Amino acid sequence: MDFDDNGWVVGRIEPLPTSHGWSLLSPEPEARIDEHRWAHQARAFFGAELTLVQKKVYPSGSTPMVDAVEVDVAKAGGAPSRVLVLTVPLDRAPAVRAAAAAGVRAIGGAGFDALLARARRAWQVREPPVAGGDARAPLALAAVLAAVLLAPVVPPGEATIFGVKGARERLERLGWR
């Protein structure tokens, strides 16, 4: 991927197939990537360190329609793994919406139907990492984004949907405490 002087992706971005990443559905329509907020949430609530590889700048408060960023994610004190995140308006990601709707049906709604109705933007964390050896890194980043964006998570290849608590439980089962 190529990036311009603001750190925004140059060119077209296509959503990932839902089987290739953790999909999140945010009520916020903007594609703003806030490294400081993401890093704070990662440290405070997930014992993780994260750094954006491509620094983002938003001149005049504008944001791109679509964007992507590589993020170095590590368990505190561990070696980082590089993870790709991309974002598009939800209307450009019908497969993400369909997977989320299937997940909502699979769990009987549980309030996630209301979250899906409010969703405006899809965020996806590619599985597996781009570089590094910690296979938990994409899920850890998805958990951080769920907390920051107040977005439910649709896991790759599963018919379910969950929030921050579900992401944290999955991480703990994988030894990320």
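This is a predicted model, so every value here is computed, not measured.

> Could you give me a rundown of the nonpolar core, with the residues and numbers involved?
Counting residues in each nonpolar core, the largest one holds 37 residues, and the members touching the most others are Leu24, Trp38, Leu50, Val71, Val73, Val125 and Leu141. Secondary structure elements with two or more residues in this core: strand E3 (21-26), helix H1 (35-46), strand E4 (48-52), strand E5 (67-75), strand E6 (81-89), strand E7 (121-126), helix H4 (137-149) and helix H5 (164-173). With twelve residues, H4 is the single largest residue contributor to this core. When residues no more than four places from it in sequence are discounted, the contact partners of Leu50 are Glu35, Trp38, Ala39, Ala42, Val71, Asp72, Val73, Leu141 and Val144. Formed by 21 residues, the second largest nonpolar core is a distinct cluster that contains Val9, Leu25, Leu84 and Phe112.

> Pulling in residues and values, what's your account of the pattern of salt bridges?
One pass over the full model with this rule turns up seven salt bridges. Residue Glu35 pairs with Lys55 through a salt bridge whose shortest N-O separation is 3.0 Å. Of the two residues, Glu35 sits in helix H1 while Lys55 sits in the loop between E4 and E5, which places them 20 residues apart along the sequence. On the basis of relative accessibility, which here comes to 46%, the residue Lys55 falls in the partly exposed class. Between Arg136 and Asp134 there is a salt bridge, with the nearest N and O atoms lying 2.9 Å from each other. Judged by relative accessible area, Arg136 falls into the partly exposed class, the value being 21%. Of the residues examined, Asp134 reaches a relative accessible area of 18% and is grouped as buried.

> Just give me the short version of the sheet that holds E3, but keep the residues and values in it.
Note: strands within a sheet are paired through backbone hydrogen bonds, in either parallel or antiparallel orientation. Strands sit in the order E4-E5-E6-E7-E3-E8 across an open sheet of six strands; the sheet is antiparallel. Across the chains shown, the open sheet's two edge strands, defined by having one partner strand only, are E4 and strand E8 (153-154). In the packing of helix H2 (residues 94-106) onto the sheet, the strands contacted are E3, E7 and E8, and the crossing angle to E3 comes to about 85°.

> So what's going on with the environment of Ala106? Which residues, and what values?
Summarising the element assignment, Ala106 is placed in helix H2. Take Ala106: its relative accessible area is 52%, and that puts it in the exposed class. When the C-alpha atoms of Ala106 and Lys56 are compared, they prove to be 37 Å apart, with 50 residues separating the residues in sequence.

> Describe the packing of H4 against H5, and please don't skip the residues or the numbers.
The N-to-C vectors of H4 and H5 enclose an angle of 160°; their axes lie 9 Å apart at closest approach. Taken as axis vectors, H4 and H5 run roughly antiparallel relative to one another. The element H4 and its partner H5 pack so that their crossing is left-handed. In contact with Leu139, Ala140, Ala143, Ala146 and Ala147 of H4, H5 contributes Val164, Ala167, Arg170 and Leu171.

Conventions used here
- Residues numbered from 1 in each chain as written.
- Predicted model: local features only at pLDDT ≥ 70, side-chain atom pairs only at ≥ 80, totals over all residues.
- Heavy atoms only, no water.
- Core = buried A, V, L, I, M, F, W, Y, C linked by side-chain atoms within 4.5 Å.
- Buried < 20%, exposed > 50% of the residue type's maximum accessible area, 1.4 Å probe, protein only.
- Helix = DSSP H or I, 4+ residues; strand = E, 2+ residues; numbered from the N terminus.
- Contact = heavy atoms within 4.5 Å.
- Salt bridge = Lys/Arg side-chain N within 4 Å of Asp/Glu carboxyl O.
- Pairing = 2+ DSSP bridges.
- Axes fitted to C-alpha atoms, helices over the stretch in contact; angles between N-to-C directions.
- Parallel < 35°, antiparallel > 145°, perpendicular 65-115°, else oblique.
- Left-handed = near helix turned anticlockwise from the far one by under 90°.

What is shown is where atoms sit, not what they do.
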